[in-house]
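Listed below, chain by chain, are the residues.
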Number of protein chains: 4
Amino acid sequence: MARSKKADEKQATLQLAEGQGVPPHVLKLRKFLQARLFQNSILILIVMNAVSLGVETMPGIGTEYAIPLLRLDTFFLTVFLIELALRIYAYRGQFFRNGWSIFDFVIITISVFGAFSVFRAFRVLRVLHLVTVLPRMRVVVSALIDSIPGIMSVGVVLVLILYVFAVIGSNMFGDDHTDLFGNIFTSMYTLFQVMTLEGWPDVASQVATTDRYSWIYFVAFVMIATFTMLNLLVAIVVRVVEEDSNDLEGALVRENADLRDEIHDVHRDVVQLQEMISGMQREMNTALSDLTVETRKARD
Amino acid sequence: MARSKKADEKQATLQLAEGQGVPPHVLKLRKFLQARLFQNSILILIVMNAVSLGVETMPGIGTEYAIPLLRLDTFFLTVFLIELALRIYAYRGQFFRNGWSIFDFVIITISVFGAFSVFRAFRVLRVLHLVTVLPRMRVVVSALIDSIPGIMSVGVVLVLILYVFAVIGSNMFGDDHTDLFGNIFTSMYTLFQVMTLEGWPDVASQVATTDRYSWIYFVAFVMIATFTMLNLLVAIVVRVVEEDSNDLEGALVRENADLRDEIHDVHRDVVQLQEMISGMQREMNTALSDLTVETRKARD
Amino acid sequence: MARSKKADEKQATLQLAEGQGVPPHVLKLRKFLQARLFQNSILILIVMNAVSLGVETMPGIGTEYAIPLLRLDTFFLTVFLIELALRIYAYRGQFFRNGWSIFDFVIITISVFGAFSVFRAFRVLRVLHLVTVLPRMRVVVSALIDSIPGIMSVGVVLVLILYVFAVIGSNMFGDDHTDLFGNIFTSMYTLFQVMTLEGWPDVASQVATTDRYSWIYFVAFVMIATFTMLNLLVAIVVRVVEEDSNDLEGALVRENADLRDEIHDVHRDVVQLQEMISGMQREMNTALSDLTVETRKARD
Amino acid sequence: MARSKKADEKQATLQLAEGQGVPPHVLKLRKFLQARLFQNSILILIVMNAVSLGVETMPGIGTEYAIPLLRLDTFFLTVFLIELALRIYAYRGQFFRNGWSIFDFVIITISVFGAFSVFRAFRVLRVLHLVTVLPRMRVVVSALIDSIPGIMSVGVVLVLILYVFAVIGSNMFGDDHTDLFGNIFTSMYTLFQVMTLEGWPDVASQVATTDRYSWIYFVAFVMIATFTMLNLLVAIVVRVVEEDSNDLEGALVRENADLRDEIHDVHRDVVQLQEMISGMQREMNTALSDLTVETRKARD
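Below or above, wherever it landed, is the structure these notes cover. (Residues numbered from 1 in each chain as written. Chains lettered and ligands numbered in written order. Predicted model: local features only at pLDDT ≥ 70, side-chain atom pairs only at ≥ 80, totals over all residues. Heavy atoms only, no water.)

## What to know about the interface of chain A and chain B
Filter applied, for reference: Residues count as neighbours in contact if any of their non-hydrogen atoms are within 4.5 Å of one another. When two parts are put together, the accessible area they lose, computed with a 1.4 Å probe and summed over both, is reported as buried area. Just to be clear on terms, a salt bridge is a Lys or Arg side-chain nitrogen sitting within 4 Å of an Asp or Glu carboxyl oxygen. Side-chain atoms alone can form a polar contact between residues adjacent in sequence; in general such a contact is a pair of N or O atoms within 3.5 Å, and within protein one must be able to donate a hydrogen while the other accepts it. The numbering of helices and of strands both runs from the N terminus, where a helix is a DSSP run of H or I of at least 4 residues and a strand a run of E of at least 2.
Residue-level contacts link 64 residues of chain A with 66 residues of chain B. Contact between chain A and chain B buries roughly 5,800 Å² in total, counting both sides, with carbon and sulfur atoms accounting for 75%. At the junction of chain A with chain B, the criterion picks out two salt bridges. Across the salt bridge formed by B:Arg260 and A:Asp258, the nearest N and O atoms sit 3.7 Å from each other. The interface formed by chain A and chain B includes eleven residue pairs in polar contact (both at pLDDT 80 or more). Mapped onto the side of chain A that touches chain B, the elements with two or more residues apiece are helix H3 (36-56), helix H7 (129-133), helix H8 (135-173), helix H10 (184-195) and helix H12 (214-299) of chain A.

## Some details on the environment of D:Val141
Applied cut-off: The cut-offs for exposure are 20% and 50% of the maximum accessible area for each residue type, with area from a 1.4 Å probe on protein chains only; residues under the lower value are buried, those over the upper are exposed, and the others partly exposed.
In this structure, D:Val141 sits in helix H8 (residues 135-173). Using a relative accessible area of 16% as the deciding quantity, one classes D:Val141 as buried. D:Val141 sits 82 residues away from D:Met223 along the chain, and the two C-alpha atoms are 31 Å apart. Setting aside chain neighbours within four positions, we find D:Val141 in contact with A:Val157, D:Trp100 and D:Val131.

## Observations concerning unusual backbone geometry
Phi angles above zero are rare outside glycine, and B:Arg92 is one such case at about 45 degrees. In this fold, B:Arg92 is placed in the loop between helix H5 (66-91) and helix H6 (99-115). Positioned with a positive phi, C:Leu197 is a non-glycine residue whose angle comes to about 65 degrees. With respect to the element layout, C:Leu197 can be found in the loop between helix H10 (184-195) and helix H11 (200-208).

## Details of the relation of the copies chain A and chain B
As a reminder of what qualifies: Least-squares superposition of the copies uses the C-alpha atoms of those residues scoring a pLDDT of at least 70 in each of them.
Of the transformation superimposing chain A on chain B, the axial component is 0.0 Å and the angular component is 90 degrees, with the fit at an RMSD of 0.2 Å. This pairing of chains is accounted for by a four-fold axis. Minimal C-alpha distance to the rotation axis in chain A is attained by A:Thr295, lying at 4.2 Å.

Structure (structure tokens):
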């Protein structure tokens, strides 16, 4: 999570840094868009929109106040579209280089299409704009997205297991149990259910009426799928532990390098000392032998 | 957990520390309230009250001995009220600054209201007083409460996902399946069930009778919700691992700072040595050259 | 796990150490009991007994071969009893100080009672003798048992939650749903089911027919219970991580203490050097001043 | 996982190293088999085969295009057989010393038998060849396999628990509930279901109709099995954490050994300094006393 937070801050810094050489009214607009007051106003509008979309679903109120609710929804959508337009104008090219901006663009675009088509339900995706506005949720969602590559490869193995068992299931039980194993798609859906462990004994017992040894298939699938999913969980935990461990090892190496530098300095000074003493000894020997010569001369 | 334990001890210390400048009979009362014997008596009364509330629910015994059980319950409640009053008298302002005291105040207050209203069931909350009396349970409950902020933000994301899917579900399946997706509330309840994976294939197959592609909705929700919940678990584990790792890094830095101090001392002494030797060399040179002069003079 | 293994080895060492001052035939017997061949024979007999107990349950074979199977079972029991008697004779007092020995004593005693009573099913506990014979399983079971105290306190909180909700449930739904919440015991069993998330929507929807707001009760219980259980899991992981972290910190302190000792030695030698040089300087000064005096005298 | 990756690279290195003293056309063949282009072609063929096996299961298309699909399947199988033959020819003895090669050999052999028998479903195992071709999946599957020994011993304990409970269940409920506890095998299957927590209240309530206290059996089994499985998960996480911790301790010891060497060098030089100074002092004393003698002689 720490990493995502940092990446987030970095992005914010970049936006400021790239603000040089930009006309002053655009800079002013950017400041306005990033101001707390504006962000909080958008936040309140999103929450109100979420509530209005919820109220719409209520049979009584939803039909009675259908017109005002529709007007309200159009208002919210207009505001979000204006905000999006302002942000695109203010940031231009940069806008489409920021992941969160693209996210906003996509959900609001879908929302507009939702408003003018049969897929009215998709208007609610607009509520996800909340994630972009609230920094803490941005961190959490970043962390969620960051953890995907780590489990991707285990996920692919899981899909492979699902596919192989689905083909076997379709071949073996497909003719007798069309509703469960009729074709590769129904088989995969059935096995997805079994994978969540939900109602698997019912599926197994239905199939067991025609295939006596089908329990081997189900027990094997439950065990293999559960074990693989367990490793998926472990993979996430382990990634974090290893990151932490590497940080620690880095700190250890860094700290000890400092110590080594100190010791090097001491060593260098000790060696210098040795040289000083050698020099002094040499000097002393010369001086004393000179003196002895002088004294001898004096004696003579 | 370690942190909670410490916080607990700190609180206890504060209570003692703030005991200065308090009339002696109040100090005596505090000592009495904190005495082992008193605490254990309260503990036994709580357990007995818990048992009596349990016995009340038994159809046979509960109705036959209704009157004595009611009297017993009134007795227990009175004792807990007196204990609470004594604690408020003994600690005054401090009482309401201690989280556990407030907790006791709230559950016993609810319990009193429970005894005089239709919500008789809430009298049992009194049993939670056990947590305050047993130090080990206080630690566990503190740890549970401490782990909430760490998962709060993931929890908010989970609620957002639930809400968005609930609105979509209400819009798409609401007309045909009023019992499951009739309005935003029933939709959220249905999706909460699906989130626990309990009976989700039944819900999905019921909806599939009218919407052929509804399986996409359910499979997507099951996968997104499960993945997010998994991250919730990971978030808790990671928080602990990171705390531990930081402790270790702190220990490393502290230990190495000690070593560095030692090496510094050695270095300082070596430098001093160099100065001593330089001084000595200078002195020796002066003395020897003086001597040479003298000797020369002597020779002449 | 590492700890359990160590404890195990320690125990083994103790047994050997205490073998002094014991008559030679008893020592010989101990050696025989600990010999690989004997242990493996017992191991094979346990597995055979497990199989015979399994065969007994098969309706066809079990009734047809009832007499030989009974004889076989008596034979196995006799062998295990003799083994137990020999071990008690060989180790006497020590026998009952070893946890595993007591474990064997208990399961074989239950097994004997099982053989002569209606609780014939309990004869199978004898198979658990396997754990004592196989060192690796001893380690695993030790680890399982070792992890209990760590989760005990969370477990107590869980039971408290269960009890409080059970009393509330009995009071609120007891009259209308006797089968689910009739008294405190049925309520606790129902809530235990809900806690495993198994079929909780069915329970909730049955209660919802009479109590409209009962969903609050169930959703609250599911969330609180799941969250607490999650912390139970975290508690185990954390305990291991912390143990590991403490080991590491210990290693760090130990290693750095070694380094400090080395640096101390260097420091001591440097200080000694300073003294040597001071001494030498003093000597030199004396010698040179003496010499100067002599030279002056010589000159005069 | 890191370990598996290393082992994998090591294996690859070995294959190259053993390539010495091999006829040039075989070396060329090996190079061809390991070439990116060849590997990718095989990869595409496996995916196409997977799709064709999926299409076969579709009732409409599968029966209409049965003949072309069969031809296609024969083509794919032939290609995989030729690839296998080439690899055996190119690597000979080495082929059967590589785990992944044996894996390919087994799944393709099963696939051939599948094509000519009633077990047509097993032809799909061929798709698992994907794991060998994609290095990242090889790493994941290696990690999965590597984690098995770590949980093996806990698994054996779990099987033992299952067996003991199955025998008890067969003895106690076998006569009244033949479908659930008829013999040791049905009992084990029933308890495996209970272990996944799926529908256990239904099983328990069915048995409860004849045995009033059977809930003790089920609650005990659910708690013991869940607790043991939880430890299985913990065992995996702990293994990784401990490995990491050992790595860190190794780094610490290594780093500190370096520091100790440095300090040793300093120490050695300081001791040398002491000797130098002692020598110098001795020399000086001799020279000065000689000089004094000379001076005295000169004076006289």
